[in-house]
Amino acid sequence: MNPNIVEKISQIERIDYFEYLFDAGNMFQDIVNLSKEYEDSEAEKMAVAEIKVLNLNVYHPIINKNYTSRFDETLVSNKRFSDKEIKYFEHRLTESSNVVLKSRYSDFIYEYGQGVCSLNKFQIGSQLVNLMLQTANMHFINANPINGLDDLARAFYVSLQLKNKTMIGHCNELLFEFLTNLEESNLRWVLESAKISRNVVLSPLSESFGSAKQQVVLEKLELARSYYWETQEHHLHRSVCKELIEWSKVNKSDQSEYITVIGASFEAEAEHQQGREHKSELVKASFLERALQHYMDFGFSEHFDDLKIRIRTAYELAIANGEFKLISSSGYISQEAIEVAIQPFLQLSLENAIMHFGSEIMFIPNIDRVETNTKDQMHSFSFSNLARKSVVSDGKKIFQAIDDNDSYKMNFNQNYMREIQTVGNIIMLPLIEKLIEKGLNATHVMNSLRSWGNINKESESLIKIGIEKFFENDYVSSMHILVPQLEALVRNFFGRIGYATTVIKKGTVQQEQTFNEFLERKDIKSSMPKKIHKYLSFLLVEKTGCNFRNRIAHGLIHPAECNMTNNIRILHLYLLMTNFTLEEEK
């Protein structure tokens, strides 16, 4: 081997400490370049193998959740490493004097050297534990606790796999030295230390971690809990409390104090907000919701009512303070295009026009088109999907996107709403206004509904009043009459053709199924076209839709929403129902 290459390798060997093994891997790139220059193919292959093994990403046992493998299995299983390279690493394990480099060689061989190397699993594991303890201590000395704890966790993990008390004893010594020297400013590292300790306590070698050692860990955790509460570092405070809950499970002791203070921490964070000068009511509401969810998870019901009131107040203040911002976009539709859409209706008699209005599906959003637009939108603006959105209505959050499916549902309904509003304001509203100018009145609409033959006498009188109120421009009264009667109309119609509309409660008592549940039943959904079912559900019961039925029933609808356009949509639903017949549904 060329002396210059040998010297370059020696320079790497003489470096006492690497914070990250990637740095060592980068240095071997210089050897690759030198080997090419001197046409030394063996040296080049050796350097490439070093780069590959030193640049591997590692996963950390005990500390990382859902740990399954030490290295990226995809990189290893794709024959990235030959048997020759693995034997080379075994040779380097003996030849090298650099502890950090040797720790990686032994780490890799422990996982993949069986059947290739001359050393057995125990022999390699013994070296690995010793080397990992040395590198962990190096990291601690160089004020790099995160890497030190990662290596220490690996040493514990291998020691437990080998069921070796002596190795565990050495690991315990370094862990307790680290814990003893932890200052307040570094107490956050007690979390990883406690997790490692708990793993040992739950192992077959638990006797190596007796009650005295456990007490030291618990005292450090309690110290950290008090410290982070006083310094208002609430995230760390909650993390410590969660670890204390895990220890309570191990020791079978009471957890309620820690559960309570985690909730209190969320409430405190709602007010503190990391010390920001200008507090946000939206941030406050978010943390209060997290407190509520936490208490709900553990059944601490005494906190529910107070938090629900505080959350509602926070949202109301956020609206009043202008924290919600209006985002709008503009588009252009020519008057000529509008005229083309409504002209066919104006050429009909009023009776035929209103009948045609009820059967015209162009007023209903095209689901396939909305789906395509939504998917294209989410693909084009994929970065925005990282932020999970929510819907706030009437001072409370009514929908929270938890995953991609929720995000899609929310984006779909936003696009669906956009079509509802666009068609309603640009086509349906001017059409009905022109028909009214031509003499359309409540009698024309009622005659169309009566001709259907599926409205009972009790409902007919109320529906008539609601339609008359529409033509008197009293949209508040009209919608408050027509929306509940529309629900009754739908229920009665399906009841007449053999669909149960009730559920059995205690004994044989029957109670009307909620309209939301009724419309979501498979038999109901399959009885009408998907397009119409979505339209009906969106306007009446969907939380992220118009939800007219529920918001009117609970007195939550804003007077401004009881307008002519929305009233026309409800009339359209009535007339749309006349397209269904008893014979067709049987």
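About the criteria used
Residues numbered from 1 in each chain as written. Predicted model: local features only at pLDDT ≥ 70, side-chain atom pairs only at ≥ 80, totals over all residues. Heavy atoms only, no water. Helix = DSSP H or I, 4+ residues; strand = E, 2+ residues; numbered from the N terminus. Rg over C-alpha atoms; globule rule 2.2 N^0.38 Å. Buried < 20%, exposed > 50% of the residue type's maximum accessible area, 1.4 Å probe, protein only. Contact = heavy atoms within 4.5 Å. Areas by Shrake-Rupley, 256 points an atom, 1.4 Å probe, with all protein chains shown as cover. Polar contact = N/O pair within 3.5 Å; in protein donor to acceptor, adjacent residues only side chain to side chain. Expected span 1.5 Å × (residues − 1). Phe/Tyr/Trp six-rings, centres within 6.5 Å; stacked < 30°, edge-to-face > 60°. Salt bridge = Lys/Arg side-chain N within 4 Å of Asp/Glu carboxyl O. Axes fitted to C-alpha atoms, helices over the stretch in contact; angles between N-to-C directions. Left-handed = near helix turned anticlockwise from the far one by under 90°. Nonpolar A, V, L, I, M, F, W, Y, C, P; charged D, E, K, R; others polar. Core = buried A, V, L, I, M, F, W, Y, C linked by side-chain atoms within 4.5 Å. Parallel < 35°, antiparallel > 145°, perpendicular 65-115°, else oblique. Arc of directions from axis to C-beta.

A. Just the overall build of the chain, in detail. Of the regular secondary structure elements, the chain holds 28 helices and four strands. What you see for the chain is a C-alpha radius of gyration of 35 Å, clearly larger than the 25 Å of a compact globule of 586 residues, by over 25%. If you line up the chain on its principal axes, its C-alpha atoms span 100 × 65 × 50 Å. When the 586 residues of the chain are sorted by exposure, 48% land in the buried category. Of the contacts formed within the chain by residues at least 6 apart in sequence, a portion of 65% connects residues at least 24 apart. Summing over all exposed atoms, the chain offers an accessible surface of approximately 29900 Å²; the carbon and sulfur share of this is 51%.

B. Just the side chain of arginine 549, in detail. If you trace the backbone, arginine 549 turns up in helix H26 (residues 548-553). Reaching out from arginine 549, the side chain makes a polar contact with the side chain of asparagine 550 at a distance of 2.7 Å. Leave out the neighbours within four places in its chain, and arginine 549 touches Val483, Glu487, Phe515, Leu540 and Val541.

C. Here's a closer look at helix H22 (residues 475-496). A rise of 1.5 Å per residue sets the reference length of H22, with its 22 residues, at 32 Å; its end C-alpha atoms lie 30 Å apart and thus fit the reference within 8%. Positive backbone phi, at 100 degrees, marks glycine 498, one or two positions downstream of H22.

D. Expanded view of the packing of aromatic side chains. For the structure shown, the criterion picks out 26 aromatic pairs. For the ring pair phenylalanine 89 and phenylalanine 108, a centre distance of 5.6 Å and an interplane angle of 80 degrees mean the geometry is edge-to-face. Residue phenylalanine 89 is found in helix H5 (residues 83-95), and its partner phenylalanine 108 is found in helix H6 (residues 99-112); the two are separated by 19 residues along the sequence. The class of phenylalanine 108 is buried, set by a relative accessible area of 0%. Between tyrosine 408 and phenylalanine 412, the ring centres sit 6.2 Å apart and the planes meet at 35 degrees, which makes this aromatic pair tilted. Of the two residues, tyrosine 408 and phenylalanine 412 both sit in helix H19 (residues 404-437), four residues apart, roughly one turn of that helix.

E. Local environment of the environment of asparagine 164. The topology assignment puts asparagine 164 in the loop between helix H8 (145-162) and helix H9 (165-180). Note on asparagine 164: relative accessible area 16%, which makes it buried. Residues asparagine 164 and glycine 275, 111 residues apart in the sequence, show an inter-C-alpha distance of 48 Å. Sequence-distant contacts of asparagine 164, defined by excluding residues within four places in its chain, comprise Phe122, Ser159 and Leu205. At 2.8 Å, the side chain of asparagine 164 forms a polar contact with the backbone nitrogen of methionine 167.

F. Up close: the pattern of salt bridges. Applying the stated criterion to the full structure yields 32 salt bridges. Of the charged contacts, one joins aspartate 305 and lysine 308 as a salt bridge, the two residues approaching to 3.7 Å between their closest N and O atoms. With a gap of three residues between them, aspartate 305 and lysine 308 both fall in helix H15 (residues 304-320), about one helical turn apart. Since its relative accessible area comes to 54%, aspartate 305 is described here as exposed. You can call lysine 308 partly exposed: its relative accessible area is 48%. For the salt bridge of lysine 534 with glutamate 542, the shortest nitrogen-to-oxygen distance reads 3.0 Å. Here lysine 534 and glutamate 542 have matching classes, each one buried. By sharing partners, the salt bridges in this structure join Glu13, Glu50, Arg92 and Glu95 into a single network.

G. Structural view of unusual backbone geometry. One non-glycine residue, alanine 143, lies in positive phi territory at about 55 degrees. Inspection of the secondary structure puts alanine 143 in the loop between helix H7 (121-141) and H8. The class for alanine 143 is exposed, based on a relative accessible area of 66%. Positive phi is not limited to glycine here, since lysine 163 has a value of about 55 degrees. Examined against the element boundaries, lysine 163 turns out to sit in the loop between H8 and H9.

H. Looking closely at the packing of H6 against H7. Viewed as axis vectors pointing N to C, H6 and H7 meet at an angle of 145 degrees, and their least axial separation amounts to 8 Å. Of the two possible hands of crossing, H6 and H7 adopt the one that is left-handed. On H7, the residues touching Val99, Val100, Lys102, Ser103, Ser106, Asp107, Ile109, Tyr110 and Glu111 of H6 are Lys121, Ile124, Gly125, Leu128, Leu131, Met132, Gln134, Thr135 and Met138. Residues belonging to the contact of H6 with H7 are distributed by class as follows: nine nonpolar, five polar and four charged.

I. Expanded view of the nonpolar core. Membership of the largest hydrophobic core comes to 100 residues, with the highest contact counts inside it found for Phe89, Phe108, Leu152, Phe156 and Leu221. Those residues within four positions of leucine 152 in sequence are excluded, and the remaining contacts are Leu133, Ala136, Phe140, Cys171, Leu174 and Leu175.

J. Spatial organisation of the packing of helix H17 (residues 350-359) against helix H20 (residues 442-452). It is the contact of H17 with H20, at a shortest axis distance of 10 Å, that shows an interaxial angle of 60 degrees. Judged on the interaxial angle alone, H20 and H17 are oblique. Note that H17 runs across H20; the crossing there is right-handed. Each of Leu350, Glu351, Ile354 and Met355 in H17 lies in contact with H20, whose residues at this interface are His444, Val445 and Ser448. Tallied by class, the residues present in the contact of H17 with H20 amount to four nonpolar, two polar and one charged.

K. Fine view of the environment of glutamate 419. Looking at the secondary structure, you find glutamate 419 in helix H19. Judged by relative accessible area, glutamate 419 falls into the buried class, the value being 16%.

L. Focus on the side chain of lysine 534. Residue position: lysine 534 is located in helix H25 (residues 530-540). By relative accessible area, lysine 534 is classed as buried at 14%. When sequence neighbours within four positions are dropped, the list of residues in contact with lysine 534 reads Ile367, Phe412, Asn413, Tyr416 and Glu542.

M. Representation of helix H18 (residues 367-380) in the model. Helix length check: H18 (14 residues) gives 20 Å between terminal C-alpha atoms against 20 Å at 1.5 Å per residue, within 8%. For H18, every residue scored as buried is listed here: Ile367, Val370, Thr374 and Met378. Here the buried residues of H18 occupy an arc of 65 degrees about the axis, which is enough to place them on one side. Counted as exposed and oriented over 90 degrees from the buried face of H18: Asp368, Lys375, His379 and Ser380. Along its buried surface, H18 packs onto H19 and H25. For H18, the side-chain oxygen to backbone nitrogen distance between the N-cap and aspartate 368 is 3.0 Å, and the N-cap itself is asparagine 366.

In short, shape yes, function no, at least from these values alone.
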